[in-house]
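The chain contents come next:
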Amino acid sequence: MTDIRNDSALSAHTACMKLTTWISCGILIFFGLCATVYALSGFNLFFFLCASNTTVYRSLLSLAGVSALWLLYWLIAFRPTKYVS
């Protein structure tokens, strides 16, 4: 017999992992779009959205690094492509 508390905790853990992964994907897509605008036009959209504050700009750029590391961990730990034929 399984403990119901453990099943609900596992379900909540899985839901939080999925939510974190979706947020990380969204952050990286946003940074990618800002980089595309910068590459094509020379206008740094992300720096503009940070109100030209260098500290905020660098802090949010570090968030992109953390998001990339999270997605790398997620790909290694959960192997979402294992069942793709």
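See the structure shown above.
1. Some thoughts on the overall build of the protein chain
- Looking only at helices and strands, the protein chain features three helices and zero strands.
- Each helix (α) and strand (β) of the protein chain, taken in turn from the N terminus, gives the series α-α-α.
- For the protein chain, the residues scored as buried account for 14% of the 85 residues in total.
- Restricting to contacts in the protein chain with at least 6 residues of sequence separation, those with at least 24 account for 51%.
- Counting every atom, the protein chain has about 6,800 Å² of accessible surface; 70% of that belongs to carbon and sulfur.

2. Observations concerning helix α3 (residues 54-78)
- End to end, α3 covers 36 Å across 25 residues, agreeing with the expected 36 Å (1.5 Å per residue, within 8%).
- Residues Tyr57, Ala64, Ser67 and Leu71 constitute the buried set of α3.
- Measuring from the backbone nitrogen of threonine 55 back to the side-chain oxygen at the start of α3 gives 3.1 Å, which picks out asparagine 53 as the cap.
- One or two steps after α3, the chain reaches arginine 79, where phi turns positive at roughly 40 degrees.

3. Remarks on a nonpolar patch on the surface
- Taken together, the side chains of Phe30, Val37, Phe43, Phe48 and Leu49 define a hydrophobic patch exposed on the protein surface, amounting to about 470 Å² of accessible area.
- Contributing elements (two or more residues each) for the nonpolar patch: α1 (4-41) and α2 (45-49).
- Within the fold, valine 37 resides in helix α1.
- Its relative accessible area of 32% is what places valine 37 among the partly exposed residues.

Parameters at a glance
Residues numbered from 1 in each chain as written. Predicted model: local features only at pLDDT ≥ 70, side-chain atom pairs only at ≥ 80, totals over all residues. Heavy atoms only, no water. Helix = DSSP H or I, 4+ residues; strand = E, 2+ residues; numbered from the N terminus. Buried < 20%, exposed > 50% of the residue type's maximum accessible area, 1.4 Å probe, protein only. Contact = heavy atoms within 4.5 Å. Areas by Shrake-Rupley, 256 points an atom, 1.4 Å probe, with all protein chains shown as cover. Expected span 1.5 Å × (residues − 1). Polar contact = N/O pair within 3.5 Å; in protein donor to acceptor, adjacent residues only side chain to side chain. Patch = residues over 30% accessible without salt bridge, like charges linked within 9 Å, V, L, I, M, F, W, Y side chains within 5 Å. Salt bridge = Lys/Arg side-chain N within 4 Å of Asp/Glu carboxyl O.

Read these as geometric descriptors, not functional statements.
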